[in-house]
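A structural walkthrough
Each chain, written out:
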Amino acid sequence: MAAYENLLLELNNGILTITINRADKLNALNIDTIREIKNAIQQVYDDADVKGAIFTGAGPKAFVAGADISEIAELSEVNARSFAERGQEVFAMIERCNKPVLAAVNGFALGGGCELAMACHMRVASDNARFGQPEVNLGVIPGYGGTQRMTQLIGKGKAMELMMTGDMISAEEARALGLVNHVVPQEDLMPKCMELMEKIMTKAPLAIGLVIECVNAVFNKDENGYQTEANSFARCCTSEDFVEGTNAFLEKRKPAFKGI
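These notes cover the structure that comes with them.

1. Structural notes on the packing of aromatic side chains
For the coordinates displayed, the defined rule picks out two aromatic pairs. Aromatic pair Phe 91 and Tyr 144: ring centres 5.4 Å apart, planes at 80°, arrangement edge-to-face. Residue Phe 91 is located in helix H3 (residues 77–96), and its partner Tyr 144 is located in the loop between strand S8 (130–132) and helix H5 (146–154); the two are separated by 53 residues in the primary sequence. Here Phe 91 matches Tyr 144 in class, with each residue buried. Members of the aromatic cluster, each reached through a chain of ring pairs, are Phe 83, Phe 91 and Tyr 144.

2. With respect to the packing of helix H9 (residues 205–217) against helix H10 (residues 225–237)
Where H9 meets H10, the closest approach of the two axes is 9 Å, and the angle between their N-to-C directions is 170°. Taken together, H9 and H10 sit at an angle that is classed as roughly antiparallel. Taking contact as the criterion, the partners of Leu 206, Ala 207, Leu 210, Glu 213, Cys 214 and Ala 217 in H9 are, on H10, Gly 225, Thr 228, Glu 229, Ser 232, Arg 235 and Cys 236. Each residue belonging to the contact of H9 with H10 can be placed in one class, and the counts come to six nonpolar, three polar and three charged.

3. Re the layout of surface pockets
Put simply, the largest pocket is a space of about 990 Å³. What lines the largest pocket is a set of 37 residues, and nearest its centre among them are Glu 95, Arg 96, Asn 98, Ile 212 and Asn 216. Looking at which element gives the most residues to the lining of the largest pocket, the answer is H9, with nine residues. Its residues assigned to classes, the lining of the largest pocket comprises 17 nonpolar, ten polar and ten charged. A volume near 540 Å³ is recorded for the second largest pocket.

4. Observations concerning the sheet that holds strand S4 (residues 62–64)
Taken in spatial order, the four strands of this open sheet run S4-S6-S8-S9, and their pairing is mixed. With partners counted over all chains shown, the strands left at the sheet margins are S4 and strand S9 (168–170), one partner each. Direction aside, the axes of adjacent strands within the sheet are offset by 20° on average. Strand direction decides the pairing type here: S8 and S9, joined by three bridges, are antiparallel. Counterpart to Phe 131 in the pairing with S9 is Ile 169.

Rules of the game
Residues numbered from 1 in each chain as written. Predicted model: local features only at pLDDT ≥ 70, side-chain atom pairs only at ≥ 80, totals over all residues. Heavy atoms only, no water. Phe/Tyr/Trp six-rings, centres within 6.5 Å; stacked < 30°, edge-to-face > 60°. Helix = DSSP H or I, 4+ residues; strand = E, 2+ residues; numbered from the N terminus. Buried < 20%, exposed > 50% of the residue type's maximum accessible area, 1.4 Å probe, protein only. Axes fitted to C-alpha atoms, helices over the stretch in contact; angles between N-to-C directions. Parallel < 35°, antiparallel > 145°, perpendicular 65-115°, else oblique. Contact = heavy atoms within 4.5 Å. Nonpolar A, V, L, I, M, F, W, Y, C, P; charged D, E, K, R; others polar. 1 Å grid on protein atoms, 1.4 Å probe; cavity = no way out; pocket = protein on both sides within 12 Å on 5 of 7 lines; lining within 4 Å. Points joined across faces, edges and corners; volume = space filled by probe spheres on them. Pairing = 2+ DSSP bridges.

Interpretation in functional terms is not warranted from these geometric data alone.
Rendered as structure tokens:
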């Protein structure tokens, strides 16, 4: 494992837990933390021992309570654009990862924290979690993909309302809107995420990665999602996992997938 100053990484049974470790700052994202997240997600891509990842925040109060305001306050037009593009690049890496990435939202997920959670493939929230994009209170807008992903997840009208008012919503409201998959008591948050991840890890890894690719294709205007699906289906049918999965079904046994 590489050394990190603002993250804690722990690998157990193929699941890499990535904890944003700036509890005294409510885990706010600064430039160094974004850089470290990029390195951590690259490790998820590259390390064959990592089968999936879970993002969470240190302490009981916050997943990530936003970006580091002291850094934002110093931005000019030129470096503001590169600041946003850098975060968008890292969060796109999370979204496009061919291994499952979950967000365990343990408290405030505001601004960049909400954007980080939305970049993950699924979100599980503790019952004390709060979500929001309050950037308009600072005279700016979400810059790490929030305007796009929130609209994709909850629809145009409600996304407009939340981003224009800067209002926070509860975990239960986030679940009702489709922003969150599950809401659980805080003490059950990581067990629930582990349960989901362990279930996913019993499936064919190639198929899981291609599901991610096809779902992302829905939102890519330059891609024919149906063609991507057909191509991916065909690719699955040439894999050893397809042979194993179909044989296991016919033989009434559990499959032993290898990811090939």
